[in-house]
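One-letter residues, chain by chain:
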2 protein chains.
Amino acid sequence: MEFVGSASTQSCITQKRGRRVYGDDRDFKSKNLTAERRRREKLSNRLLTLRSLVPIITNMNKATIVEDAITYIEKLQMTVKVLSDQLLEMESSSEESERPRNDEINAAEEMKKHGIEEKVEVTNVDGCKLWIRIISKKKRSRITKFLEAMASHGFELSDTNVTTFKGATLISSCLNGVYSYKIEAEQVKELLQEIIKSI
Amino acid sequence: MEFVGSASTQSCITQKRGRRVYGDDRDFKSKNLTAERRRREKLSNRLLTLRSLVPIITNMNKATIVEDAITYIEKLQMTVKVLSDQLLEMESSSEESERPRNDEINAAEEMKKHGIEEKVEVTNVDGCKLWIRIISKKKRSRITKFLEAMASHGFELSDTNVTTFKGATLISSCLNGVYSYKIEAEQVKELLQEIIKSI
DNA sequence: ACTGACACGTGAACC
DNA sequence: TGGTTCACGTGTCAG
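Residues numbered from 1 in each chain as written. Chains lettered and ligands numbered in written order. Predicted model: local features only at pLDDT ≥ 70, side-chain atom pairs only at ≥ 80, totals over all residues. Heavy atoms only, no water.

**Thoughts on the packing of helix α4 (residues 142–152) of chain B against helix α5 (residues 185–198) of chain B**
Residue and element names in this part refer to chain B. One can describe the packing of α4 onto α5 by two numbers: an axis separation of 10 Å at closest approach and a directional angle of 135 degrees. One finds that α4 runs oblique with respect to α5. When you trace α4 past α5, the crossing you get is right-handed. Judged by residue contacts, Arg-142, Phe-146, Ala-149 and Met-150 of α4 engage Leu-192, Ile-195 and Ile-196 from α5. A breakdown of the residues in the contact of α4 with α5 according to their chemical character gives six nonpolar, no polar and one charged. (Axes fitted to C-alpha atoms, helices over the stretch in contact; angles between N-to-C directions. Helix = DSSP H or I, 4+ residues; strand = E, 2+ residues; numbered from the N terminus. Parallel < 35°, antiparallel > 145°, perpendicular 65-115°, else oblique. Left-handed = near helix turned anticlockwise from the far one by under 90°. Contact = heavy atoms within 4.5 Å. Nonpolar A, V, L, I, M, F, W, Y, C, P; charged D, E, K, R; others polar.)

**As for the packing of helix α4 (residues 142–152) of chain A against α4(B)**
It is the contact of α4(A) with α4(B), at a shortest axis distance of 9 Å, that shows an interaxial angle of 175 degrees. Between α4(A) and α4(B), the angle is such that the two are roughly antiparallel. Every residue of α4(B) that contacts α4(A) at A:Ile143, A:Thr144, A:Leu147 and A:Glu148 is listed here: B:Ile143, B:Thr144, B:Leu147 and B:Glu148. Across the contact of α4(A) with α4(B), the residue classes break down as four nonpolar, two polar and two charged.

**A look at the confidence of the model for chain A**
Here chain A averages 74 in pLDDT, while 74% of its residues score no lower than 70. Note on residues 1–26 of chain A: pLDDT under 50 across the span, and 27 contacts to partners over four residues away in sequence or across chains. (pLDDT = per-residue confidence, 0-100.)

**Re the sheet that holds strand β2 (residues 129–137) of chain A**
Read from one edge to the other, the open sheet built from eight strands follows the order β1(A)-β2(A)-β4(A)-β3(A)-β3(B)-β4(B)-β2(B)-β1(B), with strand pairing classed as antiparallel. The two strands at the open ends of the sheet, each matched to only one other strand, are β1 (119–126) of chain A together with β1 (119–126) of chain B. Neighbour to neighbour, the strand axes of the sheet diverge by 10 degrees on average, direction disregarded. The pairing of β2(A) with strand β4 (residues 168–176) of chain A spans nine bridges and is antiparallel. Its bridge partner being in β4(A), A:Lys137 is matched across the sheet by A:Ala168. (Pairing = 2+ DSSP bridges.)

Below is the structure:
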């Protein structure tokens, strides 16, 4: 686009503070003319790319482009906040059972007081059947986690009996092997100890 | 701020395309001078608020303000994408256990074949002690969910016995009331049926 | 005819 | 001192 007829491009007669005074029709070109042109173009391009990022555009004006960008950024920030809050809540709710609780600490003391010791017993009943007996500290959702862990290891429990007493939990159950090979009692005992320790 | 010394504010001698020609020193004020001033001020204010929204500011320039806003919006968009993906993944992973599985469908058929019916029995043992007996379809993590639900309702179970047989799960347990008032057997039975139905 | 938006060239100011 | 940014007033054009 060509710009013609601007008074600024014309020659000047008087100038309050400048040094250059022209009385003729000679065109004066400012030193930073092209630089200023570049600067304007840069800003315009940036505004264009900004507009391309914002999905909701009410107007094509420079001011409205920036305004829409502002509301969009605010919306994005709120979305990020809501999402991270939800994520944090889900994570904390899935981790809250791992937090030690007061009654769990009391459970350990009470067990000690009554002379109950943590114990894992595994007895072979027949070739692929074991009777297990576990005494451990009472702990929130320990039973559920234990059952889940056993299931994930491919064990099937039957006749499971759970009793909680004086801060201790007694689990006795019958373990049916699902593997074809013979179950080793000692091996299972170590695995049970590991499971109990980990949950 | 006062503006002095601009060549544009001075009187003009010639004009290529305009109609107004001044030869004297009379100051000419364009009609849209204040309007243009307002427009410029509006854009500047918008850019200022935009800058206040963007946390990382490399420069105070107009162009850099917009540039930083662009990168910030891109970052926010990516963050939203990552967060929503994570949330979606967590939700789908927490919902996958609710999907019916083949062995659960088989469980229902096997129960029917063997004439086992789902049942909830609640018997009063003494004032605040109930004996419960539940027969239901075998279902993945039903037991764990049941125990969790009971705990969340404030019930304490003892001497819990779980047996799984022919696609059915038998849970028998002793329920100790933690509330001061007397536990109504019928009330507990309805609650248990609700719990079993919901999990 | 009038209002709003824009690009333009320019001087001042700031490293 | 150069290079760069900014605000300014103005002409032009579209709705």
